[in-house]
Amino acid sequence: MDWIAGLGDVAPATRAALAALPARSLPKGMDLFSPGDRAQGYPVVLAGRVEVYLTGPNGREIMLYGVEPGQSCVQTTLGLLGDEPYSGAAVTVTDCETVVIPKPLFLRLMDADAGFRLFVLRSFGQRMADLTRLLEAVAFGRVEARLASVLLDLADGHVVRATQSEIAARIGSAREVVSRKLDAFAKSGWVTTERGEVHLRDPAALRRASAAT
């Protein structure tokens, strides 16, 4: 019931309908949707993280956003409300627990419950703001600043366990560009790299780089 409380001021009938929905455990690495699929329901992440990507014609990927507890999936909301197919793909990057509100129930609650409708639209607005910030960063931000910021965000202690392709997808760049920038960071003494890992040697310098415009 905790996730239902997070929806805010929804009607008792809505709470009862949502409480009857089963939770589902999903393993890490599971594909949830692909380009061209149609949304069949509104997923609520109870635990874990899902990431949504776009893939260009040349195979280059960019991570649009992650979905964690309390957050919504823009692509799914667009699919349910606008009857648009998915243009991106989603994958679980950790073990997850989710509840899916079936499309007929979702649409009925959007019509009948102002509190539920407010929750969905507010969540949608917040995620669209996130996407706008991503667009601004990719269009106008320096690659070095985006790379430094992502390294700091991903670090577990002082180690980032991710491939250069995965890092490139997060900053909206090419793997080759990330490789060159990491080499430059390494020459400056900020990082060292190993296969599938980046070790942060000077986090303070990375923080300064991430703030540079």
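Please refer to the structure placed before this passage.
None of these values were measured; they are calculated from a predicted model.

S.K.: Which residues make up the pairing of strand 10 (residues 197-200), and what values go with them?
M.R.: Across 3 bridges, the pairing between strand 8 (residues 159-161) and strand 10 is antiparallel. Bridging from a neighbouring strand, R161 pairs with E197 of strand 10. Where strand 9 (residues 191-194) meets strand 10, 4 bridges bridge the pair, whose relative direction is antiparallel. Note on strand 10: the bridge partner recorded for T192 is H199. Counted between consecutive antiparallel strands, the loop separating strand 9 from strand 10 contains 2 residues, among which G196 sits at a positive phi close to 75 degrees.

S.K.: Before we move on, could you go through unusual backbone geometry and cite the residues and values that matter?
M.R.: With phi around 55 degrees, D83 is a residue other than glycine that occupies positive phi space. Locating D83 in the fold gives a position in the loop between helix 3 (74-82) and strand 6 (89-92).

S.K.: Describe the pattern of salt bridges, listing the residues and the values that go with them.
M.R.: Within the structure shown, the criterion is met by 12 salt bridges. Between R127 and D130 there is a salt bridge whose closest N-O contact spans 3.0 Å. One end of the pair, R127, and the other, D130, are both in helix 5 (residues 114-140), 3 residues apart, so they sit about a helical turn from each other. Classification of R127 by relative accessible area gives buried; the value is 6%. A salt bridge links E144 to R142; its shortest N-O distance comes to 3.7 Å. On the basis of relative accessibility, which here comes to 36%, the residue R142 falls in the partly exposed class. Salt bridges sharing common partners tie together R49, E51, E68 and R170.

Cut-off values and rules
Residues numbered from 1 in each chain as written. Predicted model: local features only at pLDDT ≥ 70, side-chain atom pairs only at ≥ 80, totals over all residues. Heavy atoms only, no water. Pairing = 2+ DSSP bridges. Helix = DSSP H or I, 4+ residues; strand = E, 2+ residues; numbered from the N terminus. Salt bridge = Lys/Arg side-chain N within 4 Å of Asp/Glu carboxyl O. Buried < 20%, exposed > 50% of the residue type's maximum accessible area, 1.4 Å probe, protein only.

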